[in-house]
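# Topology and contacts: notes
So you can see what is in the structure, the chains are spelled out below.
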Amino acid sequence: MKYKYPNLCKPIKVGNVTFRNRMFSAPMGGTDITNDGCIGPKSTAFYELRARGGAGAVTVSECMVHPKTDGSHAYHLDTAILNSLAAATYTADAIRRHGAIPSLELSHSGMYAGTYMTDKNRQHSMNQWGPSDTVRPDGVQVKALTKELIDEIVEAYGNVAGLAKRAGFEMLMIHGGHGWLINQFLSPYFNKRTDEYGGSLENRCRFAIEVLKSVRKAVGPGFPIEFRLSGSELFEEGYDLEEGCRIAQQIEPYIDLLHVSAGTYQRGFGDTHPSMFKEHGCNVYLAAEIKKHVKVPVATLGGLNSPEQMEEIIASGKADVVTTIINKFNTAEKMEHKNFSRDVFLLVDESHRSNYGLLATKMRAVFPNACYIGFTGTPLMKKEKNTMAKFGK
């Protein structure tokens, strides 16, 4: 079969797993997380639709590995929680049945733990833990993690990784960017420790490497481990791209895919989550530079929604995988096979998923003749009703 975007559609092998193409669905949190951290049915349907859209991998986000020190209202995977493993298994199967590889993002919020908790009484009673004793900009006191707690968190990463594999996830993403705990250890801005976890670059990478070793021990050889790294923290006191390249080299021996993002939530949310008004592919340069310094495949992201641009990124060697929020059915053959007379966009508004109609309105100004579908599969405009009927052919 001849593809319009041959490089984007080319399979890639990561670890012992072959992915059908190089367009991965970026990790996004759920819409109906239960009070005890289980994946709800609406979230499962949301992830499944991205697999149906043709993504090579779909990553479920975020699974917090250590509720004792991170009570954020996010997914948890724990055999002590009724339906936790079952809900995760059902979600992984919903993704896999459409040919995409199900992946789960493992994370810890560190000094920003509990930020999204619905139980505000518990949130205010929690201790906040980070690499170093400090006071957050909002006045919340943070305690330095003890060596015993560090060891406990490292072990928890391995335990949850093993459960994720048992549930049917075939890849794991370890979140080491965006200002969360692993990034806090990597960062000279957050990490002021004077022991073996602070100071030199090697010491600041120690926690991340211990986590990755724990995960590898749990999942075994050949199981794909993806590591999400902010290529640069993009502010003066944080690490820059040059140091990001050296961090990548430290991490490389323990991973199968390096996912290069940008910035931190606390000091550059607009870089970490670029809006449609920023240049498309605004963070690709970080991955392109880091790729020159490592041998493992590199994934990139940052406002990518054009298959032509994504094809160029892969073809030119800037990255091996592109990660996107908005998926496009992007091969001419596929559109002809489905009798699509126009481009079709699957839209997700990451911050306000119920507001995808507004996103479609803005997109229509750029692509006036396209058909737009929200993640529920509902037509967004009445005048698209005739186009929607073609999906049944």
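Whatever comes next refers back to the structure up there.
Here goes a summary of the coordinates provided. (Residues numbered from 1 in each chain as written. Predicted model: local features only at pLDDT ≥ 70, side-chain atom pairs only at ≥ 80, totals over all residues. Heavy atoms only, no water.)

## Structural notes on the overall build of the protein
Across its full length, the protein carries 14 helices and 16 strands. Going through the 393 residues of the protein one by one, you find that 58% of them count as buried. Working note: accessible area of the protein is about 16400 Å², and carbon and sulfur atoms make up 51% of it. (Helix = DSSP H or I, 4+ residues; strand = E, 2+ residues; numbered from the N terminus. Buried < 20%, exposed > 50% of the residue type's maximum accessible area, 1.4 Å probe, protein only. Areas by Shrake-Rupley, 256 points an atom, 1.4 Å probe, with all protein chains shown as cover.)

## Topic: helix H11 (residues 307-315)
Residues of H11 that are buried include every one of Pro307, Met310, Glu311, Ile313 and Ile314, and no others. End-on, the buried residues of H11 take up no more than an arc of 160°, which puts them together on one face. Looking one or two places after H11, you find Gly317, whose phi comes out positive at around 85°. (Arc of directions from axis to C-beta.)

## What about the pattern of salt bridges?
Applying the stated criterion across every chain, the model contains 16 salt bridges. Between Glu243 and Arg204 there is a salt bridge, with its nearest N and O atoms 2.8 Å apart. Of the two residues, Glu243 sits in helix H8 (residues 241-251) while Arg204 sits in helix H6 (residues 201-204), which places them 39 residues apart along the sequence. A salt bridge links Glu312 to Lys318; the shortest N-O distance between them is 3.2 Å. Among the residues examined, Glu312 registers a relative accessible area of 37% and is labelled partly exposed. Residue Lys318 is classed as partly exposed on the basis of its relative accessible area, which comes to 33%. One salt-bridge network, held together by shared partners, links Arg204, Glu242, Glu243 and Arg246. (Salt bridge = Lys/Arg side-chain N within 4 Å of Asp/Glu carboxyl O.)

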